[in-house]
Amino acid sequence: MSRIIIYDTTLRDGSRTEGVSCSVNDKIKNTEKLDDLGVHYIEGGWPGSNPKDKEYYKHFKNKKLKNAVITAFSMTRRANITCAKDKNIQELLHSGAGTITIVGKSWDLHVKDVLRVSLDENLRMISDTVSYFKKHKKEVIYDAEHFFDGFKTNPDYALRCLTMAAEAGVLGTPFIRINDFVGRLGYLNELENKYQLGFGIKPDNIDLMFNHLNMLLLLPNCKEEWEKKKDNIFFSRRRRHTR
């Protein structure tokens, strides 16, 4: 039986509904109820946006729920600034949340007219933010905002946004994915086939999955091997963009 992962946004996105206003205590009680229901991820709020959410994360800091993981939400770093100097990013890092949800622009229209930055700077903002939290041992969920709108008008750029998030998230870490899209997504094909950073397996070939798992578990110096693969893709990309 397939496992379904439930990601609940009631406490952030849902609380923006007209006529809805939750106190910190309301949010804490709702979190406990969602945890009792077996929800896997609870998006508690935006730690850097208001004192209420900051107090909410303070309450749950260092507390383990029965079923759920509390996630903290924010956007990518601001333009032309490092993550270390971005106040929102630092609020996320110190919120106590083990999982960070980052929303990034995937529609070139929004990049140019809302963020008012270059398309390349937006890609750097995505990559820098995801890799920053991975370096700090956080699980990262990337929210590709308006991806399908962007894909309609500029599919190459929309997919490049996903590529940057995927590469920043998996570089240096072996991954195995099982789905029906194996061989159909160019950016993942490149990671798997050209750079051998991971393995794509179709659902009807589970034996192959176990073979790859055994190989990774028995591989001496696995971490060092994947660091070399990571360096390879970085140098390759650098050469591609400096030609």
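Residues numbered from 1 in each chain as written. Predicted model: local features only at pLDDT ≥ 70, side-chain atom pairs only at ≥ 80, totals over all residues. Heavy atoms only, no water.

### Things to note about the packing of helix H4 (residues 108–115) against helix H5 (residues 119–135)
Logical step 1: Axis separation between H4 and H5 bottoms out at 10 Å; the angle between their running directions is 100°. Here H4 lies roughly perpendicular to H5, going by the angle between them. Contacts between H4 and H5 involve Asp108, Val111, Lys112 and Leu115 from the first element and Leu119, Asn122 and Met125 from the second.
Logical step 2: The residue inventory of the contact of H4 with H5, partitioned by class, reads 4 nonpolar, 1 polar and 2 charged. (Axes fitted to C-alpha atoms, helices over the stretch in contact; angles between N-to-C directions. Helix = DSSP H or I, 4+ residues; strand = E, 2+ residues; numbered from the N terminus. Parallel < 35°, antiparallel > 145°, perpendicular 65-115°, else oblique. Contact = heavy atoms within 4.5 Å. Nonpolar A, V, L, I, M, F, W, Y, C, P; charged D, E, K, R; others polar.)

### Points about the packing of helix H1 (residues 24–37) against helix H2 (residues 51–60)
Logical step 1: Contact pair H1 / H2: the axes reach a minimum separation of 9 Å and the direction vectors enclose 45°. Between H1 and H2, the interaxial angle falls into the category oblique. For the crossing formed where H1 meets H2, the hand is right-handed. Residues Val24, Lys27, Ile28 and Thr31 of H1 form the contact with H2, whose participating residues are Lys52, Asp53, Glu55, Tyr56, His59 and Phe60.
Logical step 2: Class assignment for the residues of the contact of H1 with H2 results in 4 nonpolar, 2 polar and 4 charged. (Left-handed = near helix turned anticlockwise from the far one by under 90°.)

### Structural notes on the environment of lysine 134
Logical step 1: Among the secondary structure elements, lysine 134 is positioned in helix H5.
Logical step 2: For lysine 134 and isoleucine 100, which are 34 residues apart along the polypeptide, the C-alpha to C-alpha distance reads 9.6 Å.

### As for the pairing of strand E4 (residues 99–105)
Logical step 1: Where burial is concerned, most of E4 is hidden: 7 out of the 7 residues are buried.
Logical step 2: Burial along E4 is two-sided: the residues Thr99, Thr101, Val103 and Lys105 and Ile100, Ile102 and Gly104 are all buried.
Logical step 3: In terms of strand pairing, strand E3 (residues 69–75) meets E4 through 5 bridges, oriented parallel. Looking across to E4, one finds that phenylalanine 73 is bridged to threonine 101.
Logical step 4: A crossover connection joins E3 to the parallel E4 through helix H3 (residues 87–93); in handedness this β-α-β unit is right-handed.
Logical step 5: The pairing of E4 with strand E5 (residues 139–145) spans 7 bridges and is classified as parallel. Across the sheet, valine 103 pairs through a bridge with aspartate 143, a residue of E5. (Buried < 20%, exposed > 50% of the residue type's maximum accessible area, 1.4 Å probe, protein only. Pairing = 2+ DSSP bridges. Right-handed = clockwise from strand over helix to strand, strands pointing away.)

### A closer look at the pattern of salt bridges
Logical step 1: The tally for this structure, following the rule as stated, stands at 11 salt bridges.
Logical step 2: In the salt-bridge network here, residues are joined through shared partners; they are Arg77, Glu121, Arg124 and Asp128. (Salt bridge = Lys/Arg side-chain N within 4 Å of Asp/Glu carboxyl O.)

### Side note on the nonpolar core
Logical step 1: If you look at the biggest cluster of nonpolar residues, it comprises 32 residues, and the most contacted ones within it are Ile42, Tyr56, Ile100, Ile102 and Phe133.
Logical step 2: Going through the elements one at a time, H1, H2, E3, H3, E4, H5, E5 and helix H7 (155–170) are the ones with two or more residues in this core.
Logical step 3: When residues in this core are grouped by element, the largest group, 6 residues, is from H5.
Logical step 4: With sequence-adjacent residues up to four places away left out, tyrosine 56 is seen in contact with Leu11, Val24, Lys27, Ile28, Thr31, Ile42, Gly44 and Ile70. (Core = buried A, V, L, I, M, F, W, Y, C linked by side-chain atoms within 4.5 Å.)

### Examining the packing of aromatic side chains
The description of an aromatic ring pair uses the distance of the two centres, along with the angle that the planes make with each other.
Logical step 1: One pass over the structure, following the stated rule, counts 7 aromatic pairs.
Logical step 2: Following the ring pairs from residue to residue traces out a cluster consisting of Tyr56, Tyr57 and Phe60.
Logical step 3: The lysine or arginine in question, arginine 12, covers the ring of phenylalanine 73, its NZ or CZ lying 3.6 Å from the ring centre.
Logical step 4: Positioned over the ring face of tyrosine 56 is lysine 27, at 5.2 Å from the centre of the ring. (Phe/Tyr/Trp six-rings, centres within 6.5 Å; stacked < 30°, edge-to-face > 60°. Lys NZ or Arg CZ within 6 Å of the ring centre and 35° of its normal.)

### Concerning the confidence of the model for the protein chain
Reading fine detail from the predicted coordinates is not recommended where pLDDT is low.
Logical step 1: On average, residues of the protein chain score 83 in pLDDT, and 88% of them are at 70 or above.
Logical step 2: Looking across the protein chain, the model is least confident in helix H10 (residues 222–242), with a mean pLDDT of 68, and most confident in H4, with 94. (pLDDT = per-residue confidence, 0-100.)

### Side note on helix H9 (residues 206–218)
Logical step 1: Here H9 is 13 residues long and its end C-alpha atoms lie 19 Å apart, about the 18 Å a rise of 1.5 Å per residue gives.
Logical step 2: The complete set of buried residues in H9 reads Met209, His212 and Leu216. Along the axis of H9, the buried positions cluster into a sector of 65°, meaning they face one direction only. Facing away from the buried side of H9 by over 90 degrees, the exposed positions are Asp207, Leu217 and Leu218. (Expected span 1.5 Å × (residues − 1). Arc of directions from axis to C-beta.)

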